[in-house]
Amino acid sequence: LEDPQFTTTDSNAKELLENAKKLLSENQVIAIPTETVYGLASNALCSEAIQKIYVVKNRPLDNPLIIHISSLKMLKKYLLPDFIEIPKIYELVIKKFWPGPLTILLPKPESIPLEVTCNQPTVAVRFPSHPIARALISTCGFPLAAPSANASGKPSPTLASHVWTDLNSKIPLIIDGGQCNFGVESTVLDAISSKDPIILRPGGITFEALVQIPGFENLKVYNKDFIDKKLEMTPTTPGMKYRHYSPNAKVVLIDLGDDRIKSRIILKREVQRIMNGDTKKIGILLFTDNIKNIQNDLLKSKIDLNTNTLINDSDLSNNNNIIEYSLGSSIHPEQVAKELFKGLRCLDEYKVDYIVVEGISEMNEGLAVMNRLRKAASLILKE
Ligand code: TXA
Ligand code: MG
C-alpha cells in the first residue's frame, strides 16, 4: 500500500500551515476543514492537547475521538507498534477508500493517550482527503485528534462560519476551506471487534460501496440490523447515547422513506397543525424535485386534517412565518447530505421554533442522512 503524495508550492498556504503547526505544537486546539465536516484538531499524542478538545466543545468525557493521519507511514509509526500489521481485513478498504471519509477501528496501542479512546480497547483512525487537512497533518509530522468542530449536541459544521458561530471565542484559529464536500461525517467501520464487520456510523462511504469489497459480504449496520431486526448487539458506540445534531428549533421528521406524495401531505398537515398552535415561526426542509411529480394544487393547498384531503387554494408558502429551505433533489442523496447540516443551521438563524423535514430513502448516502435526522428529531412521524 503506497502513500498518496501531496505537495504545495503556494507560499501563502505554506505560511498558513506553519502558523497552524505552531499552534498545534503548543498543544492548542484549532478548527480545520476536511472533506466531511470541519474538525476541531489537536496533537493526538498529547493528553493535555486532547483534554482541551473536550473543554472547547463541552464534549462528554466518554465519547472517544478519531485520529487523523496523512500517510500510511504515519499510521505505522504511531498506531501500529513493532510487529503489528494492519489487520488484513482492512487492506482492500484502505486501498480503495483512503484518503477519504472512512474511519476504521484498530486495536489501541499503548502510545495513544487514554483521553483519545475513553477506555475503549480500539482506536478510530481516518486518513482525510481534504488537501488542507492532509497538508497540515503532514507539515506537523504528528497525527491530529479531531471531532467535528461544533459545540457538543449541535449540527456538525460544514462551513467555517458554522464553527465561528459555535466556538469563535474559544479557539485561536479557524482555517476556512469553503463548504465541505460530503457534508456528513465519515463512515465509522469496525471489522475487528466481532465476527461480521459493522458500520457503527453511516457516513461518506456508503454501505453499498463497502459491501462489495471481498471480506465485507456480511457487513452489518449498527441500529438498522441490530435494533430493527432485533439481533443481539455486541459492539458499543460511545457517542450513541448523547443528543446529536440538534438545532435550537424542535425538529419534526416525516419518516416515510421515498413516498414523496404522502410525505408532502403529512408535511403540510404537520405545518398546519403547528401553525394552529401558538408557534410563531416554522422552517421547512424539503426536496424541490418533487414539485413536478406532485400535482401543483397539492403544493398550493391546505389539507383537511381529518381526511388528509385538499380543502382550498390558500398557499402556505405565502405565509411570512414559514421559511422553506431546499435540500435539492431527493434522487441525489449525496447532494442532500452536503446541504443537510447547513439547512438546519440556516433555519436556526431565522429563529424558527420548529423545523419540519421530509425524509428520503436509505439507499446510498440516504442512510447517513436519515441517521442524522433521526438523531436530530424530537418527533418522528411514520404516518
Ligand atoms: O468525518 C468525521 O469523522 C469528522 C471529521 C472531523 O473527521 N469527525 C467526527 O468526529 O465526526 P466525532 O468525534 O464527531 O465523531 C466520532 C465518532 C463518535 O460517534 C465516536 O463515538 C466514534 O466516532 N468513535 C470514536 N472512537 C471510537 C471507538 N474506539 N469505538 C467506537 N466508536 C468510536
Ligand atoms: Mg460530532
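If you're wondering where the values come from, they're calculated on a predicted model, not measured in any experiment.

## Quick word on the UniProt feature "binding site: L-threonine" (unreviewed entry) in the protein
On the UniProt side, "binding site: L-threonine" (unreviewed entry) is annotated at positions that read T36, H68, R126, A146 and S186 here. For the residues just named, distributed over 151 residues, the greatest C-alpha separation is only 12.6 Å, placing them together at one site. In this structure, R126 sits in strand β5 (residues 122-126). On the basis of neighbour counts, which here come to 28 C-beta atoms within 10 Å, the residue R126 falls in the buried class. Sequence-distant contacts of R126, defined by excluding residues within four places in its chain, comprise I66, H68, L102, T103 and S186. Excluding residues within four positions of it along the chain, S186 makes contact with T36, P101, L102, T103, R126, G203 and G204.

## Thoughts on the sheet that holds strand β14 (residues 322-326)
If you trace the five strands from one edge of the open sheet to the other, you get β14-β11-β15-β10-β16, paired in parallel fashion. Looking at the sheet topology across the chains shown, the edges are occupied by β14 and β16 (379-381). Looking at each pair of strands side by side, their axes are set apart by 20° on average, direction ignored. Strand contacts of helix α12 (residues 333-349): β11 (282-286), β14 and β15 (354-358), with the helix running at about 160° to β14, the strand carrying the most contacts.

## What about the sheet that holds strand β3 (residues 66-68)?
What the nine strands build is an open sheet, ordered β1-β2-β6-β3-β5-β4-β7-β8-β9; its pairing is mixed. The open sheet has two edge strands, β1 (30-32) and β9 (220-221), and neither has a second partner. As paired strands, β3 and β5 are joined by three bridges and run parallel to one another. Within β5, the residue paired with I67 across the bridge is V125.

## Quick word on the pairing of β15
Counted residue by residue, β15 has five buried out of five residues, so it is predominantly covered. Residues of β15 alternate between two faces, with Y354, V356 and E358 on one and I355 and V357 on the opposite face, all of them buried. Sheet analysis places strand β10 (residues 250-254) next to β15, joined by five bridges and oriented parallel. Paired with K250 across the two strands is Y354, which belongs to β15.

Rules behind the numbers
- Residues numbered from 1 in each chain as written.
- Chains lettered and ligands numbered in written order.
- Predicted model: local features only at pLDDT ≥ 70, side-chain atom pairs only at ≥ 80, totals over all residues.
- UniProt positions renumbered as here; feature names shortened; annotations may be inferred.
- Helix = DSSP H or I, 4+ residues; strand = E, 2+ residues; numbered from the N terminus.
- Buried ≥ 20, exposed ≤ 12 C-beta atoms within 10 Å, placed from the backbone.
- Contact = placed C-beta atoms within 7 Å.
- Pairing = 2+ DSSP bridges.
- Axes fitted to C-alpha atoms, helices over the stretch in contact; angles between N-to-C directions.

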